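Secondary and tertiary structure notes
Spelled out from the first residue to the last, the chains are:
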Amino acid sequence: MAHIDAGKTTTSERILFYTGKTHKIGEVHEGGATMDWMVQEQERGITITSAATTAFWKYKEDTYQINIIDTPGHVDFTVEVERSLRVLDGAVATFCAVGGVEPQSETVWRQADKYKVPRIGYVNKMDRTGADFSEVCFQIKERLGANPVPIVLPIGAEDKFRGVIDLVYNRAYIYFDDKTVRDNYTIEEIPADLKAEASAARAAMIEEVAASDDALLEKFFDDPDSITPEEIIAALRVATINMSVIPMLCGSSFKNKGVQLLLDSVIAYLPSPLDVEAIEGFNPKTDAEVSRKPSEADPFCALAFKIATDPFVGRLGFIRVYSGKLDAGSYCYNSRSDKKERISRIYQMHANKQNPIEFVGAGDIAAIVGFKDVRTGDTLCDEAHPIVLESMTFPEPVIGLAVEPKTQKDLDKLGIGLGKLAEEDPTFTVKTDEHSGQTIISGMGELHLEIIVDRLKREFGVEINQGAPQVNYKEALTKTVEHHETFKKQTGGRGKYADIIFELGPCESKEATGLEFVDVVKGGNIPKEFIPAVEKGFKNAMVNGALAGYQIDAMKVTLKDGKYHNVDSDALSFEICARNGFRKAALKAAPVIMEPIMNVEVVTPEESMGDVIGDLTKRRGQISGMDSKGNARVVKAKVPLSEMFGYVTVLRTITSGRATSSMEFAHFDRVPEAVGKEIIEKSSGRLKSIDED
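Because the structure is predicted, anything quoted here is derived from the model rather than measured.

The full count for this structure, using the stated rule, is 32 salt bridges. A single salt-bridge network, built from bridges that share partners, covers Arg336, Asp373, Arg375 and Asp378.

Structure follows, in structure tokens:
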């Protein structure tokens, strides 16, 4: 896991080569990386979808199986990191030796904290100009609040980087250039000019490790040299798994230096499924808490973390098995849908290639085929021992695009394609605008939607016309009002009648979402069976706010009183009455439009800093911080998404192509009045049609 371009995929390719999984090193920049198998990934040299594979590594006489997931770095594909971290036991956080801790490094670090994933740090690109291992370790401590402990030291840096000192075993690995051999290093004595530095770094490492082990601490005070490498490894492993320490390594994956030591460290310090405590869940039938140990003796339990479509085998469900085992051709139970699913085949994945296997057991990651209804986040288990595991949380889409097929005959194909892509990606949504009839696709950013449109063309053969990207605004109510609404309609036969008095306004808690509905009607003025219809009316009305037709995320309705008619009242009348009442009352409740605000970070040469800040301010940006990074300046700002379209091109122009920027969603905030008026005017056509309804 890492920021864009820290070298995740290059490192994964080297791991596949050194573990014997591939016989030739695939390069990202040549479009030949095994893990970047999608055409779009090979063309752009970026990772879009997380790829899973299994490799085997020999460490101290034993061979271990490692399940690896290579994740994207781009913020638009943050869902891939989120779901991977939810099911993995450990992570390698990769950092660029020059860039250090970058914005996306902070995001993935927070995600790993959320799912309590132990990690080791790997500082890559030590061969690049400006590489500084100790500076990156310092940034990890300062910016991420972690406790990085170097367990290696680089020998040389930039173009003189030739190896690393292993502080645990007190020896040097010197690498030589040969892409065809797997043992491309010699183990030597520590170079004389680095002995003092290595000795000090080793003492600091032992002191840090001993702090978490009393017996070791005593030994350290008596005689630090009496501590054996095995004792250091055992204590480091415990400290890494309980997340009090981040062992730090360095290397240059592109130049094939430091990867074998990284693999040793994965086995030595990151948890195996047996180190992870039993996973907790609850029984959907009784709501009692239950747990599953990582053993094949326990009942079967797995989490589906990704659904993908393969042109040859159809829908693939990626699962992480926490306990028990599942045989190909057998059944399992989906605790969300309360249905049994037949699993016809099970595959071990290697990027986009599948190797059929007979069964999958505790601790493994595999792909299943043959299921009817499995979604991302579903728990699959043994029917006799049901369990629901904690699912995943995904951010909401912030940008939309209207699409339509170029020819009418592609309409069905477009529907099927969008359906499959939405099933694969929980941050991608499709809806029909009920007023314009347009199909609106929404995602995490311009690149995200660009890839979706490209995939529709290549995988589903649909040529589409697309509108300009639109921001996903929201509406919010800011004050509470009381309203009396009556709905009467007389037709030939039975009439329609409903009458309600209610209070409408914002929720008391800022964190609340959805409709908070309180019923305080006394004495049966509205029969109990009609109350759910009133609630449903308000709930449905939230989809289209009263100002400009944008969704309202949270509101509170208190139903105070009302009347009904013995003959003419029914559930539908009360539902319509609530919807009509909402439209009128919402306009009195001081509604405002909310817009997505982005965290923007720009790294720029000092001479362009004034222009960069001036441009961000012009875009309604608020500068939140300025730092130095080497000889460059880092500007942090909060800027509305609507002002950021095409920003990269403008930034290139004002800095002569020397600045880089990254952006991620921060929160929703009220738009200024003038901007709000403009948004309302643009959507007034839609509002007219609401009134005419």
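So that's the structure; there's more coming.
Moving on, we come to helix H6 (residues 195–210). In this model H6 runs 22 Å from its N-terminal to its C-terminal C-alpha over 16 residues, within 8% of the 22 Å that 1.5 Å per residue would give. Packed against the buried residues of H6 are strand S5 (148–150), strand S6 (152–155), strand S7 (163–166), helix H7 (214–222) and helix H8 (229–241).

In this section: the nonpolar core. The biggest cluster of nonpolar side chains holds 99 residues, and the ones touching the most others in it are Trp109, Ile140 and Met205. If you tally residues by element for this core, the top one is helix H9 (residues 259–269), at 8 residues. Split by domain, this core shows at least three residues from each of two domains, domain 1 (74–103 + 113–269) and domain 2 (279–389).

We now examine the domain arrangement of the protein. Annotation of the protein at the domain level lists domain 1 (74–103 + 113–269), domain 2 (279–389), domain 3 (399–470), domain 4 (476–589) and domain 5 (595–675). With centres defined by C-alpha atoms, the gap from domain 1 to domain 5 works out at 33 Å. Contact residues are listed per partner, giving 6 residues for domain 1 and 5 residues for domain 5. For the pair domain 1 and domain 5, the two sides together bury roughly 510 Å², of which 46% comes from carbon and sulfur. Our count for the domain 1 to domain 5 interface comes out at 0 salt bridges. Looking at the side of domain 1 that touches domain 5 residue by residue, the classes come out as 3 nonpolar, 1 polar and 2 charged.

Right, let's get into the packing of aromatic side chains. Under the criterion given, the structure shown has 10 aromatic pairs. Within the aromatic cluster, the residues linked to one another by ring pairs are Tyr173, Tyr175 and Tyr185. Directly above the ring of Phe359 sits Lys325, whose terminal nitrogen or CZ lies 4.3 Å from the centroid. Across from the ring centre of Tyr331, 5.2 Å away, lies the NZ or CZ of Lys340, which sits over that ring.

Where helix H3 (residues 78–87) contacts helix H4 (residues 103–114), the two axes come as close as 9 Å, and the packing angle between them is 30 degrees. With respect to H4, the axis of H3 lies roughly parallel. For the crossing formed where H3 meets H4, the hand is right-handed. The residues of H4 that touch H3, namely those facing Thr78, Val81, Glu82 and Leu85, are Val108, Gln111, Ala112 and Lys114. Its residues assigned to classes, the contact of H3 with H4 shows 4 nonpolar, 2 polar and 2 charged.

For the rest of this paragraph, the subject is the sheet that holds strand S4 (residues 119–124). For sheets, the rule is that strands pair by backbone hydrogen bonds, running either parallel or antiparallel. Taken in spatial order, the 4 strands make up an open sheet running S3-S4-S10-S5, and their pairing is parallel. Edge positions in the sheet fall to strand S3 (91–96) and S5, since each has one partner strand and no second. Ignoring strand direction, the axes of neighbouring strands in this sheet form an average angle of 30 degrees. Taken strand by strand, H9 contacts S3, S4 and strand S10 (246–250), and its axis lies near 170 degrees from that of S4.

It is worth spelling out a negative patch on the surface at this point. On the surface, a cluster of negative charge is contributed by Asp214, Glu218, Asp222, Asp223 and Asp225. Looking at the element boundaries, Asp214 is found in helix H7.

Before going further, it helps to spend a moment on the sheet that holds strand S22 (residues 379–381). Taken in spatial order, the 8 strands of this open sheet run S17-S16-S22-S13-S14-S21-S18-S19, and their pairing is antiparallel. Edge strands, defined here as strands with exactly one partner in the open sheet, are strand S17 (339–342) and strand S19 (353–357). When strand polarity is set aside, the average angle formed by the axes of neighbouring strands in this sheet is 40 degrees. Pairing analysis gives 9 bridges linking strand S13 (residues 301–310) to strand S14 (residues 314–323), with the strands arranged antiparallel. Looking across to S14, one finds that Ala308 is bridged to Leu316. Across the sheet, H3 lies against S13 and S14, angled at about 150 degrees from S13, the strand it touches most.

Another aspect to go through is the pairing of S7. Residues Gly163 and Ile165 of S7 are buried on one face, and the alternating residues Val164 and Asp166, pointing to the opposite face, are buried as well. Across 4 bridges, the pairing between S6 and S7 is antiparallel. Each bridged residue has a counterpart across the sheet, and for Pro154 the counterpart in S7 is Val164. Bridge analysis of S7 against strand S8 (residues 171–175) gives 4 bridges, and the strand direction is antiparallel. Bridge pairing in S8 links Val164 to Tyr173.

Moving on to the environment of Lys339. Inspection of the secondary structure assignment puts Lys339 in strand S17. Placed 33 residues apart in sequence, Lys339 and Lys372 show a C-alpha to C-alpha distance of 9.8 Å. Setting aside its immediate chain neighbours within four residues, Lys339 contacts Cys332, Tyr333 and Asn334.

Our focus in this paragraph is the side chain of Asp615. Position of Asp615 relative to the elements: it lies in helix H14 (residues 609–618). Look at Asp615 and you get buried, because its relative accessible area is 8%. Not counting residues within four places of it along the chain, the set of residues in contact with Asp615 comprises Tyr647, Val650 and Ile654.

Analysis parameters
- Residues numbered from 1 in each chain as written.
- Predicted model: local features only at pLDDT ≥ 70, side-chain atom pairs only at ≥ 80, totals over all residues.
- Heavy atoms only, no water.
- Salt bridge = Lys/Arg side-chain N within 4 Å of Asp/Glu carboxyl O.
- Helix = DSSP H or I, 4+ residues; strand = E, 2+ residues; numbered from the N terminus.
- Expected span 1.5 Å × (residues − 1).
- Contact = heavy atoms within 4.5 Å.
- Core = buried A, V, L, I, M, F, W, Y, C linked by side-chain atoms within 4.5 Å.
- Buried < 20%, exposed > 50% of the residue type's maximum accessible area, 1.4 Å probe, protein only.
- Domains from an automatic or database assignment.
- Buried area = accessible area lost by both parts, 1.4 Å probe.
- Nonpolar A, V, L, I, M, F, W, Y, C, P; charged D, E, K, R; others polar.
- Phe/Tyr/Trp six-rings, centres within 6.5 Å; stacked < 30°, edge-to-face > 60°.
- Lys NZ or Arg CZ within 6 Å of the ring centre and 35° of its normal.
- Axes fitted to C-alpha atoms, helices over the stretch in contact; angles between N-to-C directions.
- Parallel < 35°, antiparallel > 145°, perpendicular 65-115°, else oblique.
- Left-handed = near helix turned anticlockwise from the far one by under 90°.
- Pairing = 2+ DSSP bridges.
- Patch = residues over 30% accessible without salt bridge, like charges linked within 9 Å, V, L, I, M, F, W, Y side chains within 5 Å.
- Areas by Shrake-Rupley, 256 points an atom, 1.4 Å probe, with all protein chains shown as cover.
- Lys, Arg positive; Asp, Glu negative; His and termini not counted.
- Charge placed at Lys NZ, Arg CZ, Asp CG, Glu CD.

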